[in-house]
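# Observations on the three-dimensional arrangement
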Amino acid sequence: MKVFNPIYDTVFKYLLEDIDIARDLISLIISEEITELVPAPQESSTTNLIIKYSQIPMQRLDYVAIIKVKKENGKAAYEKVMIEVQKSPFKPEIPRFRKYVGEKYGQKSVYKDKDEVKEGYLPLKTIYFVDKEFNNALPSVLQRKGQYYDVLKKTNYSGERDEFVELLNHDSWFIQVSQLP
């Protein structure tokens, strides 16, 4: 079976402009059923990285959407999901990623809930498609998921998650495209 490589501009744009494909792709990655997806305008930028006597073009594509998922307790929840595509022959640019994620944390989201327009901060999920391998010891698709841990009792906390905690932390997925089978 052949699969489109989402690292290519036109494929990425085409895939994520189709709501059903975007919903299925994000749902597959985050392993949650998405009952609703509302995309924000896609962004891209191209810059030249100047190293000594040469320039290397770098491109960044992103996608942001508001998703509605069903939680384990059966309640619906809204979240913001951000997909970043990094096309660079170098390791990901950590300062730029951190700044970009910080900007997304600082922006209120506008979404519709039962015909009512709401505005507020939503939990964030980030998905990074990285064209070049940045660590071959890691799996090609890696999830970093935050768990709750009771430090005093030295046990995992399995109770209900807290909105305050969730708004200040996020789960991330890293996809090293060149390592995919």
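Residues numbered from 1 in each chain as written. Predicted model: local features only at pLDDT ≥ 70, side-chain atom pairs only at ≥ 80, totals over all residues. Heavy atoms only, no water.

## Some remarks on the overall build of the protein chain
Each helix and strand counted, the protein chain has 4 helices and 11 strands in total. Residue burial in the protein chain is summarised as follows: out of 181 residues, 35% are buried. Accessible surface, the protein chain as shown: approximately 12000 Å² in total, 54% of it carbon and sulfur. (Helix = DSSP H or I, 4+ residues; strand = E, 2+ residues; numbered from the N terminus. Buried < 20%, exposed > 50% of the residue type's maximum accessible area, 1.4 Å probe, protein only. Areas by Shrake-Rupley, 256 points an atom, 1.4 Å probe, with all protein chains shown as cover.)

## Looking at the pattern of salt bridges
In total, this model carries 8 salt bridges according to the counting rule given. Note that Arg23 is salt-bridged to Asp20, the shortest N-O span being 2.4 Å. Separated by 3 residues within a single helix, Arg23 and Asp20 lie in helix α2 (residues 19-30), roughly one turn from each other. Overall, Asp20 belongs to the partly exposed group, its relative accessible area being 45%. In this structure, Glu166 and Arg161 form a salt bridge, with 3.1 Å as the shortest nitrogen-oxygen distance. A single salt-bridge network, built from bridges that share partners, covers Glu32, Lys71, Glu79, Lys125 and Asp171. (Salt bridge = Lys/Arg side-chain N within 4 Å of Asp/Glu carboxyl O.)

## Considering the side chain of Ser27
Looking at where Ser27 falls in the secondary structure, it is placed in helix α2. Classification of Ser27 by relative accessible area gives buried; the value is 19%. Other than its neighbours up to four places away in sequence, Ser27 contacts Glu32, Glu33 and Ile34. (Contact = heavy atoms within 4.5 Å.)

## A closer look at the confidence of the model for the protein chain
In the predicted model, the protein chain carries a mean pLDDT of 82, and 80% of its residues have values of at least 70. Within the protein chain, the element-level pLDDT minimum falls on strand β2 (residues 43-51), averaging 53, and the maximum on strand β10 (residues 155-156), averaging 96. (pLDDT = per-residue confidence, 0-100.)

## Comments concerning the layout of surface pockets
Here the largest pocket is characterised by a volume of approximately 1300 Å³. Among the elements of the structure, β4 (76-87), β7 (124-130), β8 (141-144), α4 (163-167) and β11 (170-176) are those that each provide at least two residues to the lining of the largest pocket. Residue composition of the lining of the largest pocket, grouped by class: 14 nonpolar, 9 polar and 15 charged. (1 Å grid on protein atoms, 1.4 Å probe; cavity = no way out; pocket = protein on both sides within 12 Å on 5 of 7 lines; lining within 4 Å. Points joined across faces, edges and corners; volume = space filled by probe spheres on them. Nonpolar A, V, L, I, M, F, W, Y, C, P; charged D, E, K, R; others polar.)

## A short note on empty space enclosed by the protein
In the structure shown here, the tally under the stated rule is 1 cavity of 30 Å³ or more. Of the voids in this model, the largest cavity is the one considered here, and its volume is about 50 Å³. If you trace the largest cavity, you find it lined by Lys80, Lys104, Tyr105, Gln107, Ser109, Tyr121, Leu122 and Leu124. Looking at the lining of the largest cavity residue by residue, the class counts come to 4 nonpolar, 2 polar and 2 charged.

## Structural notes on the nonpolar core
Ile26, Ile30, Leu37, Tyr63, Ile83, Ile127 and Phe129 are the most contacted members of the largest nonpolar core, which totals 20 residues. For this core, the elements supplying multiple residues, two or more each, are α1 (9-17), α2, β1 (34-39), β3 (54-70), β4, β7 and β11. Beyond its immediate sequence surroundings of up to four residues, Ile26 is in contact with Ile34, Leu37, Tyr63, Val81, Ile83 and Ile127. Core analysis: the second largest hydrophobic core is formed by 8 residues, Met82, Phe97, Tyr100 and Leu124 among them. (Core = buried A, V, L, I, M, F, W, Y, C linked by side-chain atoms within 4.5 Å.)

## Some remarks on the packing of aromatic side chains
Counted by the stated rule, this structure contains 5 aromatic pairs. Seen in terms of ring centroids, Phe134 and Phe174 are 6.4 Å apart; in terms of plane orientation they differ by 70 degrees. Their pairing is edge-to-face. Of this pair, Phe134 sits in the loop between β7 and β8 while Phe174 sits in strand β11, and the two are 40 residues apart along the sequence. We classify Phe134 as partly exposed; its relative accessible area is 22%. Put simply, the rings of Phe97, Tyr128, Phe134 and Phe174 pair up and form one aromatic cluster. (Phe/Tyr/Trp six-rings, centres within 6.5 Å; stacked < 30°, edge-to-face > 60°.)

## A few points about unusual backbone geometry
One non-glycine residue, Ser31, lies in the positive phi region at around 55 degrees. Relative to the helices and strands, Ser31 resides in the loop between α2 and β1. Despite not being glycine, Lys114 shows a phi value in the positive range, around 50 degrees. Secondary-structure assignment places Lys114 in the loop between β5 (109-113) and β6 (116-120).

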